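# Observations on chain architecture
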Amino acid sequence: MNRFQRLFASRWGLVVIFVVFAGAYLGASGERLRQHSLYNHFVYLAEGWLKGRLDMPVPPPNENDWARVEVLHLKDGRTLKGMFGKTGPIDRFYPLRGPSLTIDNDQIASRSDIRYVSFPPFPAVLMLPGVAVAHLKFNDILFTALWAALNPVLLFLLLRRLRERGYSKRSVGDDLWLTVMFGVGSVYYFSSVIGQVWFTAHVVAVTCVIGYAWASLDAVHPVLAGLCVGLGYATRTPLGFMVPFFVLEAVRATGGWERLRKLRSEGLPPGLLSKLIRFAIPSGAILAVLLVHNYLRFDQFTEFGHKYLNIGWQDRMQRFGLFNYHFLSRNLTCALLLLPRILTQYPFIKVSEHGMSMLLTTPVLGYTAAPAERSPLARGLWLSILATALPALLYQNSGFLQFGYRFSLDYIVFLVILLAVGGRKFTWLFKALVIFGVALNLFGAITFDRFGGVFAYSDTFFPHGNN
C-alpha cells in the first residue's frame, strides 16, 4: 500500500475529503454566507416547535411555498378551515375534511388564516440545536454547505465498503474520481451552496440514501436501513419508495429467488422474515409520527400540506392533482433532454429556469447503461432508481427553479454505485467527462440565482398556470 492509499485508508484522508469539499461549497456560497436565505422554511418550522406550536410562530417573510389554511367564522356560528378553489366557482370552499361547500361573502362574519411549513420535517429536527440559539437568524446556508461536505466523505466510505465486500474492484483513485464526480461534478454542487428549503432537503436526503445503501448491502443492517428509509421519507417524500434495494438484498442474502420458490409452500425463510420485520419497524414508526403530525395540522393523516401551498400554480394542482400522467412528458424532457441556449454574444450561455438534462450536467451517468460486468446489486439498484424517480416524473413541478435536474439527487447515489460495480475501466474519456461536469457545475454553483438572472431564461414548455 503506497502513501496515497494509506492516507485515504485513514481518518486523516476522510478529514482531507471533508475540508476540500467544505472549501468548494463555502467558496461558491461566497457572500451568501453573511445571512440566512430568503426561503429558510425549516428554521421557521423548528422555531415553531420550540414555542410549542405546529403552525408558524410569525407570518412568513415572503409568499414562496408556504402553506396557507383559511379560517372562516360564519354568521351561523360555524368555523371552517380549508381553502377557496382557484378553479371553478369563486365561492367554492374546500374544507380540511368533507365535501366542498358554497360560501357567499355575506355568510362570513370574519376570516383569518393559519400558516404552515408543509415540507417534510427531518431537516428542521437537525436544525433544532442551532435554532434554539440563533432563532430565526439561524444561517441555513452555512448549515447546508457544511452538512453537504459530509456526504462526499460518506460516499467515499460506501464505495470502499463495496470493495471490501467484493462488489467493486475500484482502486482508491477510482473511488475518489467518483466522489469528485458526485460532489462537484453533478447538480449536488449548486444545491449545496445556496441554502433554501428545497436544496437543504436534497442535501440531507442524500445522507439518508448513502446510509440506506450502506446498511442494505447483503441486508446486514436492516434496522439502520429501515431507519434511513424513514428519515429519507421525512426529508424527501420520494425516498419512501427506495425500498426495492433492501428487499432484493434480503432475498439474495437468505438464499435467493430459487430458494424462495422452493419454500413457497412453507412460507418465507425465517432469516428473510426477520430482516424484513426489523427493516419495517423503524421506518413504520417514523411514518406513524409523520401521519400524526399531518393529522394535527390538516385533520387528515395523508395530507402533509402541499395542497394548501399559496403559489401561482395552485389552479394547476387543483385541476390535475399533485401527481398526474399529464406532467410526465415535460418532466422527462427536463430530466433527459433539456439543453442550454448557446449565444454568439454575452452572456454566451443561458440555462432554462427548468434546468438542464442530467446527462449534460453529469455526462458519465451514461456509463451506467453499459456496464462491463453484471453485478448482483444491479437489479435492486435499478428498481430503486425507477421507484424513486417516478413520483418526481409525475409531479406537477419540474423542480423549477434549478440549474440542473435537482430531483435526480433522490437517486444519484444509486447511479454512482452502478458506476462503481459496473467494471468498466475509467479511461481518459471517462475522466475528461468528469472534468467537464466539474467545470459546468462550478459555473452553475457560481451563477445560479445570481447576477440578476442574466444566465437564465424562462421556458414556457412547462407553464406556471393550469396547463
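Residues numbered from 1 in each chain as written. Predicted model: local features only at pLDDT ≥ 70, side-chain atom pairs only at ≥ 80, totals over all residues. Heavy atoms only, no water.

### Considering the nonpolar core
Across soluble globular proteins, you tend to see nonpolar side chains buried next to one another. With 112 residues, the main nonpolar core has Tyr25, Leu162, Leu178, Tyr212, Tyr405 and Phe414 as its most contacted residues. Among the elements that take part in this core, helix 8 (residues 197-216) stands out by supplying 12 residues, more than any other. The residues touching Tyr212, leaving out its near neighbours within four places in the chain, are Ala225, Cys228, Val229, Met242, Val243, Pro244, Phe245, Phe246, Phe279, Ser384 and Phe414. Residues Ala67, Met83, Leu96 and Tyr116 belong to the second largest nonpolar core, which totals nine residues. (Core = buried A, V, L, I, M, F, W, Y, C linked by side-chain atoms within 4.5 Å. Buried < 20%, exposed > 50% of the residue type's maximum accessible area, 1.4 Å probe, protein only. Helix = DSSP H or I, 4+ residues; strand = E, 2+ residues; numbered from the N terminus. Contact = heavy atoms within 4.5 Å.)

### With respect to a nonpolar patch on the surface
On the surface, Leu7, Trp12, Val15, Val16, Val19 and Val20 cluster together into a nonpolar patch covering about 560 Å² of accessible area. Within the fold, Val19 resides in helix 2 (residues 11-29). (Patch = residues over 30% accessible without salt bridge, like charges linked within 9 Å, V, L, I, M, F, W, Y side chains within 5 Å. Areas by Shrake-Rupley, 256 points an atom, 1.4 Å probe, with all protein chains shown as cover. Salt bridge = Lys/Arg side-chain N within 4 Å of Asp/Glu carboxyl O.)

### Description of the layout of surface pockets
Over the atoms rolls a probe the size of a water molecule, and in doing so it shows where empty space is left. Quantified by volume, the largest pocket comes out at close to 1,000 Å³. Lining the largest pocket are 42 residues, with Asp65, Val197, Trp198, Phe199 and Arg406 sitting closest to its centre. Contributing elements (two or more residues each) for the lining of the largest pocket: helix 8 and helix 16 (378-393). The dominant element in the lining of the largest pocket, judged by the number of residues it contributes, is helix 8, at four residues. The computed volume of the second largest pocket comes to approximately 300 Å³. If you go around the second largest pocket, you meet 15 residues; those closest to its centre are Leu336, Met358, Trp382, Ile385 and Tyr411. (1 Å grid on protein atoms, 1.4 Å probe; cavity = no way out; pocket = protein on both sides within 12 Å on 5 of 7 lines; lining within 4 Å. Points joined across faces, edges and corners; volume = space filled by probe spheres on them.)

### Observations regarding unusual backbone geometry
Residue Pro347 is reached from Tyr346 by a cis peptide bond, and omega for that bond is 10 degrees. Inspection of the secondary structure assignment puts Pro347 in the loop between strand 6 (341-342) and strand 7 (349-352). Here the bond from Phe400 into Leu401 is cis, since omega is -5 degrees, no more than 30 degrees from zero. The residue Leu401 is located in the loop between helix 16 and helix 17 (412-421) in this model. Positive phi is not limited to glycine here, since Ala219 has a value of about 55 degrees.

### Remarks on helix 9 (residues 222-233)
Helix length check: helix 9, at 12 residues, gives a terminal C-alpha distance of 16 Å against a target of 16 Å (1.5 Å per residue), a fit within 8%. Listing the buried residues of helix 9 in full gives Pro222, Ala225, Gly226, Cys228, Val229, Gly230, Leu231 and Gly232. (Expected span 1.5 Å × (residues − 1).)

### Structural notes on the pattern of salt bridges
In this structure the tally under the stated criterion is 14 salt bridges. When the shortest N-O distance is used, the salt bridge between Arg53 and Asp55 registers 3.0 Å. For Arg53, a relative accessible area of 33% corresponds to the partly exposed category. For Arg111, the salt bridge is made with Glu70, and the minimal N-O distance between the two is 3.4 Å. Taken together, the positions of Arg111 in strand 5 (residues 108-116) and Glu70 in strand 1 (residues 67-74) put the pair 41 residues apart, joining distant regions of the chain. Judged by its relative accessible area of 46%, Arg111 falls in the partly exposed class. In this structure, a network of salt bridges that share partners links the residues Arg68, Glu70, Arg111 and Asp113.

### Re the sheet that holds strand 1
Taking strand neighbours across the sheet as the criterion, the five strands line up as 4-3-2-1-5 in an open arrangement whose pairing is antiparallel. Of all strands in the sheet, those bounded by a partner on one side alone are strand 4 (101-102) and strand 5. The pairing of strand 1 with strand 2 (residues 79-84) spans four bridges and is classified as antiparallel. Opposite Val71, over in strand 2, you have Lys81 as the bridge partner. (Pairing = 2+ DSSP bridges.)

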